[in-house]
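For reference, the chains in residue letters:
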Amino acid sequence: MNKPANPKRVRALDVRPRSFGYAVFEGPTLLLDWGVQSFRHGRNAVRIPLATKIAALLEDFRPAVVVAKEPPSRKKVNRARTGKVLELVRHKASLRGIRTRVFKRRAASKLFGGEERLTKHQIEPRPWPSALPSFDPCSRPSASRGKAKIIG
Amino acid sequence: MATHKLENYLRTYRKRSGLTQREVAFLVGCRNGAQVSRYEKRRRLPPLRTALACEAAFGVPVSVLFAGLREVAGQAVGERMLALRSKLETSTAQGRDARIAAQKLRWLAVRRPLPPGNTNTTS
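Residues numbered from 1 in each chain as written. Chains lettered and ligands numbered in written order. Predicted model: local features only at pLDDT ≥ 70, side-chain atom pairs only at ≥ 80, totals over all residues.

Trainee: Even after reading the chapter, I still don't get the pairing of strand S1 (residues 9-15) of chain A, so can you show me in this structure?
Mentor: The side chains of a regular strand alternate between both faces of the sheet. Residues and elements named next belong to chain A. A large share of S1 lies buried, amounting to five of its seven residues. Between the end of S1 and the start of strand S2 (residues 19-26), which pair antiparallel, lie three residues. Bridging between S1 and strand S4 (residues 65-69) involves four bridges; their strand directions are parallel. Following the sheet pairing, Leu 13 is matched in S4 by Ala 68. (Buried ≥ 20, exposed ≤ 12 C-beta atoms within 10 Å, placed from the backbone. Helix = DSSP H or I, 4+ residues; strand = E, 2+ residues; numbered from the N terminus. Pairing = 2+ DSSP bridges.)

See the structure below:
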């Protein structure tokens, strides 16, 4: 009796300085879950700590791999914050034996628009890329400087 | 590395429908939205009546909604079928009992465990 092959589950993260968006895919076409989680500080601080939220997200869907975009390079403070969150995600994922891959932001937009610089609104009506290229493990940005390290 | 199916896909179908947990609870006859949350997070297993109500509400077969459970149950049944077959083959029944055992063996040969339901959840 042949055992049917189950497609991999992938959790994609878009980490921002005070929140992150996520989507969970099973195989290339099936979107299982999506949403936004906030981890504000100060007066409007969220009650559930970020680490707990990340752990819950990893436990809920047990993905095979977590992919994320590298932090933006524009503002140093944002880059540092985002880098810290990515580091936490990587740590939590490694505890559960889940791989983490961080891709360059340009690589993600290039997948949809090629060399064109497209916004999400321009990308939306376009057909989904038939074959997602296999990116090499990309550089994990250092929080303090723009240097890149290999993760994996 | 292939991942196992999730125990259930209730959250996926609920989010696609745009319904809240409270609204799904109302549809399937649960106490409140928290109970639906427990089912979605696999902290509780819904009773058969609720599972069938979910099928009716989302229009998706139970075997697809609870694909992971279906997979595990299917594998367990398959293993038990093999065990039962070997038990029947080694039995030393005579006469009528032997005929009945042969009939069961024929049935087992034809009746393979159901493949995990059509878990194509893209519908």
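Once the structure has been displayed, the description carries forward.
Trainee: Before we go on, may I ask you to explain the sheet that holds S1(A) in this structure?
Mentor: Backbone-to-backbone hydrogen bonds pair the strands of a sheet. The strands run either parallel or antiparallel. Residue and element names in this part refer to chain A. The strand order across the open sheet built from five strands is S3-S2-S1-S4-S5, with neighbouring strands paired in mixed fashion. Among the strands making up the open sheet, the edge pair consists of strand S3 (30-38) and strand S5 (99-103). Across this sheet, the average inter-strand angle for adjacent strands is 20 degrees, counted without regard to direction. Strand direction decides the pairing type here: S1 and S2, joined by seven bridges, are antiparallel. (Axes fitted to C-alpha atoms, helices over the stretch in contact; angles between N-to-C directions.)

Trainee: Even after reading the chapter, I still don't get unusual backbone geometry, so can you show me in this structure?
Mentor: What you tend to see is this: most non-glycine residues have negative phi, and most peptide bonds are trans. A positive phi is found at Arg62(A), a non-glycine position, where the angle reads about 40 degrees. As for its placement among the helices and strands, Arg62(A) is situated in the loop between helix H1 (50-61) and S4. On the basis of neighbour counts, which here come to 16 C-beta atoms within 10 Å, the residue Arg62(A) falls in the partly exposed class. Even without being a glycine, Arg42(B) presents a positive backbone phi close to 65 degrees. Residue position: Arg42(B) is located in the loop between helix H3 (33-40) and helix H4 (48-58). On the basis of neighbour count, Arg42(B) is assigned to the partly exposed category, with 16 C-beta atoms found within 10 Å.

Trainee: Explain the packing of helix H6 (residues 67-90) of chain B against helix H7 (residues 95-110) of chain B here, please?
Mentor: The description of two packed helices rests on the angle between their axes and on the distance between the axes. Residues and elements named next belong to chain B. Viewed as axis vectors pointing N to C, H6 and H7 meet at an angle of 150 degrees, and their least axial separation amounts to 10 Å. Classed by the angle they form, the pair H6 and H7 counts as roughly antiparallel. Taken as a pair, H6 and H7 cross one another with a handedness that is left-handed. Across from Met 81, Leu 84, Arg 85, Leu 88 and Glu 89 in H6, the residues of H7 making contact are Ala 101, Lys 104, Leu 105 and Leu 108. (Parallel < 35°, antiparallel > 145°, perpendicular 65-115°, else oblique. Left-handed = near helix turned anticlockwise from the far one by under 90°. Contact = placed C-beta atoms within 7 Å.)

Trainee: In this structure, what is going on with the pairing of S3(A)? I would like to understand it.
Mentor: All names here are of chain A. Bridge analysis of S2 against S3 gives eight bridges, and the strand direction is antiparallel. Within S3, the position partnered with Tyr 22 by the bridge is Gly 35. Here S2 folds back onto S3 in antiparallel fashion, the turn holding three residues, of which Gly 27 has a positive phi close to 70 degrees.

Trainee: What is the right way to read helix H2 (residues 21-28) of chain B from this model?
Mentor: An α-helical segment advances 3.6 residues per turn. Residues three or four places apart therefore align on the same side. Residue and element names in this part refer to chain B. Within H2, the full set of buried residues consists of Gln 21, Val 24, Ala 25 and Val 28. For H2, the angular spread of buried residues about the axis comes to 105 degrees, placing them on one side. Buried positions along H2 lie against helix H1 (10-17), H3 and H4. Positive phi appears at Gly 29, one or two residues downstream of H2, with a value of about 80 degrees. (Arc of directions from axis to C-beta.)

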